[in-house]
Amino acid sequence: MKVGLLYSRIRRDEKLLLSELRERDHEIEKIDVRKQQFNIHEAPEAFEDLDLVVDRCLATSRSVYATKFAKAYGVPVVNGPEVADTCADKVNNSLALEAAGVPTPNTDVAFTKDAALESIEKFGYPCVLKPVVGSWGRLMAKIDSRSAAEAILEHKETLGHYEHKIFYVQEFVDKPGRDMRVLAVDGEPIAAMVRSSDHWLTNAAKGAETDEFELDDRALELVEKASDAVGGGLLGIDLMEVGVSQSDTQDASGESEAQRASNANGDSREQGEPRAREFEDYTVHEVNHTVEFKALNEVTDVDVPAKVVDWLEQKAATETDAEVTA
């Protein structure tokens, strides 16, 4: 197949993907969106005879618009513009998950500083303020007090860009120091990892420790539902455990509350032996449409780029069959 790769910078993720495509003798058209002009009547030369376009644009705005043009030119695109539009904007993302019945953190959106402060006070401290568009944990704030809320809201209100005047206020999820990233294709997981950190942000881009994660039945169910909610495709789905019952808070003796309770009940585990995590459910806090997978590829035995290309081949074949049938 002939694959067009939309990009603005070739990162480690794109290199892994390109290497796998070349090993299978697929023809590749690298399309640097910074150098293209997308005409409404006629497709650029780079789009000729493409079987599939893969969006790997770094900038959200370029991703959304470039995929719109790819679709207009009649070229199948992964992920499509509707998926990009839903996932790129946190408001759209939250609304889609909520409408599909996927558990997701409770969220308010306000358009003035005073209204946002009311939302923050309603959620209580701590709570979280996020930009409506953004990645890698940038410009996210955990707000611990009213004075902090007032200062952050004032900064955002005066930053100038209209997106900062859309206040996306979210409940703080007291996760057990980790979250999960699942790479999935049309709701079918390829691999998953857990990202752990002492910081409240557990993004791999923020330096979180990563390890392979085995999905249970509930996680598998939510990955499929979250994928369907945003339109499917090649996605990164982020989950957090909620309702964790064990406490990791230690007293002066070095024992946690859970350890003291276990010892009182005759728990024979050795000191320091890890306890099983007990939690009520997961919440899906985000679905990513131009998902990075280099960190995942390093911690799992799964050949992630190979699995992605397997799916891209199936996608291209399905689109070809559909054209022949039509």
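Note that the coordinates shown come from a computational prediction; the quantities given were computed from them, not determined experimentally. (Residues numbered from 1 in each chain as written. Predicted model: local features only at pLDDT ≥ 70, side-chain atom pairs only at ≥ 80, totals over all residues. Heavy atoms only, no water.)

Chemist: Even after reading the chapter, I still don't get unusual backbone geometry, so can you show me in this structure?
Modeler: Leave glycine aside and you will find that most residues have negative phi; peptide bonds, for their part, are mostly trans. Backbone torsion omega between Val78 and Asn79 reads -5 degrees, so that peptide bond is classified as cis. With an omega of 0 degrees, the peptide bond between Tyr125 and Pro126 qualifies as cis. Inspection of the secondary structure puts Pro126 in the loop between α5 (113–123) and β6 (127–130). Phi at Asp25 is positive, roughly 65 degrees, even though this residue is not glycine. With respect to the helices, strands and loops of the structure, Asp25 is situated in the loop between α1 (12–23) and β2 (27–32). Overall, the relative accessible area of 70% leaves Asp25 in the exposed class. A positive phi is found at Asp186, a non-glycine position, where the angle reads about 50 degrees. (Helix = DSSP H or I, 4+ residues; strand = E, 2+ residues; numbered from the N terminus. Buried < 20%, exposed > 50% of the residue type's maximum accessible area, 1.4 Å probe, protein only.)

Chemist: Mind showing me how you'd approach the side chain of Asn79 here?
Modeler: Along the polypeptide, Asn79 turns up in the loop between β4 (77–78) and α3 (81–88). One polar contact links the side chain of Asn79 to the main-chain carbonyl oxygen of Leu234, over a distance of 2.7 Å. Here the side chain of Asn79 touches His289 through a polar contact of 2.7 Å, landing on its backbone oxygen. Ignoring any residue separated from it by four or fewer positions in sequence, one finds Asn79 in contact with Asp55, Thr67, Gly232, Gly233, Leu234, Leu235 and His289. (Polar contact = N/O pair within 3.5 Å; in protein donor to acceptor, adjacent residues only side chain to side chain. Contact = heavy atoms within 4.5 Å.)

Chemist: Sorry, what's going on with the sheet that holds strand β8 (residues 167–171) here?
Modeler: Picture the strands of a sheet paired through backbone hydrogen bonds; they go either parallel or antiparallel. Taken together, four strands build an open sheet; the order of strands is β5-β8-β6-β7 and the sheet is antiparallel. Unpaired on one side and paired on the other, β5 (107–110) and β7 (141–143) mark the two borders of the sheet. Pairs of neighbouring strands in the sheet enclose a mean axial angle of 25 degrees, with direction left out of account. α5 rests against β5, β6, β7 and β8 of the sheet, and its axis sits at about 5 degrees to β8. Of the strands in this sheet, β6, β7 and β8 are in contact with helix α6 (residues 146–158), which crosses β7 at around 145 degrees. (Pairing = 2+ DSSP bridges. Axes fitted to C-alpha atoms, helices over the stretch in contact; angles between N-to-C directions.)

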